[in-house]
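Chain by chain, the residues:
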Number of protein chains: 2
Amino acid sequence: MAELAYHRVYSQLTAQIKAGQYPDYRLPDERSLTDQFGVSRSTIKRALGILVSRGIVFQKQGAGTFVNPLYFKSKPLFNYTGDNIGITDSLVQDGQQQSIQVLHFHVQKAKDEIAQSLFLQPNDFVYRIERLRLVDGQPFMIEIGYLPIRLVPDLNEEVIQDSLYTYLEKEQHLQVTKSFLNISTEPSTASDQKLLQLKPNEPVGVMEGIFFTDSGTPIEFSRMRIHYKYMQYNSFVSLS
Amino acid sequence: MAELAYHRVYSQLTAQIKAGQYPDYRLPDERSLTDQFGVSRSTIKRALGILVSRGIVFQKQGAGTFVNPLYFKSKPLFNYTGDNIGITDSLVQDGQQQSIQVLHFHVQKAKDEIAQSLFLQPNDFVYRIERLRLVDGQPFMIEIGYLPIRLVPDLNEEVIQDSLYTYLEKEQHLQVTKSFLNISTEPSTASDQKLLQLKPNEPVGVMEGIFFTDSGTPIEFSRMRIHYKYMQYNSFVSLS
DNA sequence: TTCAACAAATGGTACGAACCAATATGCAAA
DNA sequence: TTTGCATATTGGTTCGTACCATTTGTTGAA
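Source: prediction; values computed, not measured.

K.L.:
Could you give an account of the sheet that holds strand E3 (residues 64-67) of chain B, with specific residues and numbers?
P.N.:
Two orientations exist for strands paired in a sheet by backbone hydrogen bonds: parallel and antiparallel. All names here are of chain B. Strand order in the open sheet formed by three strands is E1-E3-E2, and the pairing between neighbours is antiparallel. The outermost strands of the open sheet, each flanked by one partner alone, are strand E1 (26-27) and strand E2 (57-60). Alignment of E2 against E3, held across four bridges, turns out to be antiparallel. Residue Gln59 lies in a different strand from E3, and its bridge partner there is Thr65.

Right, dumping it as structure tokens:
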């Protein structure tokens, strides 16, 4: 499958920027890029639009297109370069050893909030998966996930020892590419303190998320309680 | 100034969706919308692209364009509908009474992290503004902001009693439309507990942000400590 | 009745043209 | 030297065309 034109331009520009090809933080104008890449200006605009939306560059009418110098200085916690959107990828640094302890695993009827979030009928069944996640042997997150049994009929205790999304992608050919997240914080409960090795005054970060496949089907509702030292979320917001 | 075509389409579609005009969660196909709105398909695609990027609808090749039913159910804490990006706008609900107490206000040399974040030379001066923000009389956030003195030469104690960004927009014609945010959580300090009326085991949410004007100039570095009950952040993430 | 092949519907990609709007530049006048 | 204006530069908007890719519906043969 030939790579799409706008994606090729986007990739190459990103690579050029990372390689420091624009030390003056200024990109060539769009019409020159049209010549350089041999595509239309519309395609250039599309590629630049992605760079803008990710906060890598910004544009100013009449002036030009400029690299956001902070982007590559800040830690790349929010660099979604992979295919999937698993939370751990953004919380955990490269090279650290992740592991998973399954705390509970069973099937139940979806209760109200879960059913609503996952678009289920009141009597549909879901897996309830409670796991403790560790990095380099240190527990950092309690994760309770709910998945419709209909969408993933053959889950078992062995599968959920590893990354769920890797399994979904590899075995079920489901790509998880969208999510709603709600982030908040709470004092830790006794159970949190025990599992995450927290002192009584130390809090947890709480993330609730609904995750969707490519096609817009909600596939997981997840509630995560995160050791506060590991709770980090970066985001770039741009209006207009 | 006449409204732009793609924006008109976006607004009207959003309004229609909110009004429940598509009970089957399905929008007309793009070519029909072209006729309905009297604009080209490119313009329709642009408007729909915004709806997609905000998670309001999703599209599927060969099938159609569908409303995301979860979008309007979730609490709109983070719905940037105004011109500016001030934090209070997104944390505080409509109709609640906001007020501000100025705790400290002075000018100092920018220290390392601040200087780097705001793109300053080591000897440049910044305002340091420490404020306590309340909603309906209840303190909910301690905010320490740093602004380059060069960009806003005439700040004074009176101005910072009110919203800084409103002032910047009205008086300085600076629009703040972009930000990098980093969100985390910590146990509350003694000072937090006193100012925010927290119990010792209750935590604070921590938001650090760099805010940019339209033109990409960093204008504020802000460190916010938020009462945990007010700490709520919603986000929609979509890959690809 | 079932299923496979075909057709229609629908979003995706790409091109190119024309013109507008904001900013930067250079030159001439003060 | 400084200021102000004309011009060039550069991104923004909109239109329209052509064709591709995926999904869904239809139809006819087995």
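K.L.:
Outline the packing of aromatic side chains, supporting the account with residue identities and numerical values.
P.N.:
Residues and elements named next belong to chain A. Applying the stated criterion across every chain yields a total of 11 aromatic pairs over all chains. With 5.3 Å between their ring centres and 45° between their planes, Phe140 and Tyr230 make a pair best called tilted. Of this pair, Phe140 sits in strand E6 (residues 138-148) while Tyr230 sits in the loop between strand E9 (218-227) and strand E10 (233-238), and the two are 90 residues apart along the sequence. The class for Phe140 is buried, based on a relative accessible area of 0%.

K.L.:
Would you mind going over the nonpolar core in detail, with residue names and values included?
P.N.:
In this structure, Leu155(A), Tyr233(A), Leu155(B) and Tyr233(B) are the most contacted members of the largest nonpolar core, which totals 52 residues. Judged by nonpolar contacts, the second largest core, of 32 residues, contains Ala115(B), Leu118(B), Phe212(B) and Phe221(B).

K.L.:
Describe the pattern of salt bridges, naming the residues involved and giving the relevant values.
P.N.:
Counted according to the given criterion, the structure contains 18 salt bridges over all chains. Measuring nitrogen to oxygen at the nearest pair gives 3.2 Å for the salt bridge that ties Arg131(A) to Glu143(A). Pair noted here: Arg131(A) is in strand E5 (residues 125-135) and Glu143(A) is in strand E6, with a separation of 12 residues, a long-range link. For the pair shown, Arg131(A) and Glu143(A) are each scored as buried. Between Arg225(B) and Glu186(B) there is a salt bridge; the shortest N-O distance is 3.3 Å. Placement of Arg225(B) in strand E9 (residues 218-227) and of Glu186(B) in strand E7 (residues 176-187) is noted, with a sequence separation of 39 residues between them. Arg225(B) gets classed as buried once you look at its relative accessible area, which sits at 18%. Relative accessible area serves as the criterion here: at 30%, Glu186(B) is assigned to the partly exposed category.

K.L.:
Break down the pairing of E7(B) for me, with residues and values.
P.N.:
Counting buried positions along E7(B) yields 11 of 12 residues, so the element is predominantly enclosed. Note that E10(A) and E7(B) share six bridges and pair antiparallel. Within the sheet, the bridge partner assigned to Ser235(A) lies in E7(B) and is Leu181(B). Note: E7(B) against strand E8 (residues 203-213) of chain B, 11 bridges, orientation antiparallel. Each bridged residue has a counterpart across the sheet, and for Pro187(B) the counterpart in E8(B) is Pro203(B).

K.L.:
Any chance you could break down the protein's contact with DNA strand C for me, citing the residues and the numbers?
P.N.:
Taken together, 25 residues sit near DNA strand C, with Ala5(A), Thr43(A), Arg46(A), Gln61(A) and Glu30(B) positioned nearest. Of all DNA strand C atoms lying within 4 Å of any protein atom, the proportion belonging to sugar or phosphate reaches 63%. One nitrogen or oxygen atom from the side chain of Gln59(B) is found 3.3 Å from a phosphate oxygen belonging to DNA strand C. Among the elements that take part in the surface near DNA strand C, helix H3 (residues 41-53) of chain A stands out by supplying three residues, more than any other. Taken together, the residues of the surface near DNA strand C sort by class into six nonpolar, 10 polar and nine charged.

K.L.:
Account for the interface of chain B and chain A, naming residues and giving values.
P.N.:
Facing 48 residues of chain B, the contacting portion of chain A comprises 47 residues. Roughly 4200 Å² is buried in total at the junction of chain B and chain A, and carbon and sulfur atoms are behind 64% of that figure. For the pair chain B and chain A, the number of links is zero salt bridges. When contributions to the side of chain B that touches chain A are tallied by element, the ones reaching two or more residues are E2, helix H5 (112-118), E7, E8 and strand E10 (233-238) of chain B. A total of 11 residues in the side of chain B that touches chain A trace back to one element, the largest contributor, which is E7(B). Taken together, the residues of the side of chain B that touches chain A sort by class into 23 nonpolar, 19 polar and six charged.

K.L.:
Help me get a handle on empty space enclosed by the protein, residues and values and all.
P.N.:
All names here are of chain A. Taken as a whole and judged by the stated rule, the model has two cavities of 30 Å³ or more. Approximately 30 Å³ is the volume found for the second largest cavity. Around the second largest cavity, the lining residues are Ile129, Arg131, Glu143, Gly145, Leu164 and Glu220. In the lining of the second largest cavity, the residues fall into two nonpolar, one polar and three charged.

K.L.:
Describe the protein's contact with DNA strand D, and please don't skip the residues or the numbers.
P.N.:
In the neighbourhood of DNA strand D, 24 residues make up the surrounding shell, with Glu30(A), Ala5(B), Thr43(B), Arg46(B) and Gln61(B) lying closest. Near-protein atoms of DNA strand D (within 4 Å) split between backbone and bases, with sugar and phosphate holding 63%. With respect to DNA strand D, the side chain of Gln59(A) contributes an N or O atom lying 3.3 Å from a phosphate oxygen. Mapped by element, the contributors of at least two residues to the surface near DNA strand D are helix H2 (30-37), H3, strand E2 (57-60) and strand E3 (64-67) of chain A together with helix H1 (5-18) and helix H3 (41-53) of chain B. In terms of residues, the surface near DNA strand D owes the most to one element, H3(B), which gives three residues.

How each quantity is defined
Starting from 1, residues in each chain are numbered consecutively following that chain's sequence as written. Going through the entries in the order they are written, you letter the chains from A and number the ligands from 1. Confidence filtering applies because this is a predicted model: local features only for residues at pLDDT of at least 70, side-chain atom pairs given and counted only at 80 or more, and all residues used for totals across whole chains, interfaces and linings. Water and hydrogen atoms play no part in the side-chain values, which are based on all heavy atoms of the structure. Strands are treated as partners if at least two bridges between them are detected by DSSP. A run of DSSP states H or I qualifies as a helix once it reaches four residues; a run of E qualifies as a strand once it reaches two. Both are numbered from the N-terminal end. Pairing of aromatic side chains requires ring centres within 6.5 Å, counting the rings of Phe and Tyr and the six-membered ring of Trp. Pairs whose planes differ by under 30 degrees are stacked, by over 60 edge-to-face, and all others tilted. The buried label goes to any residue with under 20% of its type's maximum accessible area, the exposed label to any with over 50%, and the partly exposed label to all in between, with areas taken from a 1.4 Å probe on protein chains only. To define a nonpolar core, start from buried Ala, Val, Leu, Ile, Met, Phe, Trp, Tyr and Cys residues and group those joined through side-chain atoms within 4.5 Å. The salt bridge definition used is simple: a Lys or Arg side-chain nitrogen within 4 Å of an Asp or Glu carboxyl oxygen. The near set for a molecule or strand comprises every residue that places at least one heavy atom within 4 Å of it. Identification of polar contacts relies on pairs of N or O atoms within 3.5 Å, with a donor-acceptor requirement for protein atoms, meaning one able to donate a hydrogen and the other able to accept it, and with residues adjacent in sequence counted only if both atoms are side-chain atoms. Ten residues, namely Ala, Val, Leu, Ile, Met, Phe, Trp, Tyr, Cys and Pro, are considered nonpolar, four, namely Asp, Glu, Lys and Arg, are considered charged, and the remaining ones, Gly among them, are considered polar. Contacts are assigned to residue pairs that have any heavy atoms within 4.5 Å of one another. For any pair of parts, buried area is found by adding up, for both, the accessible area (1.4 Å probe) each one loses once the two are put together. A cavity, in this analysis, means grid points on a 1 Å lattice covering only the protein atoms where a 1.4 Å probe fits yet has no way out; a pocket is instead an open set bounded by protein on both sides within 12 Å along at least five of seven lines, and a residue lines either one if it has an atom within 4 Å of a point. Grid points are joined across faces, edges and corners, and a volume is the space filled by probe spheres set on the points.

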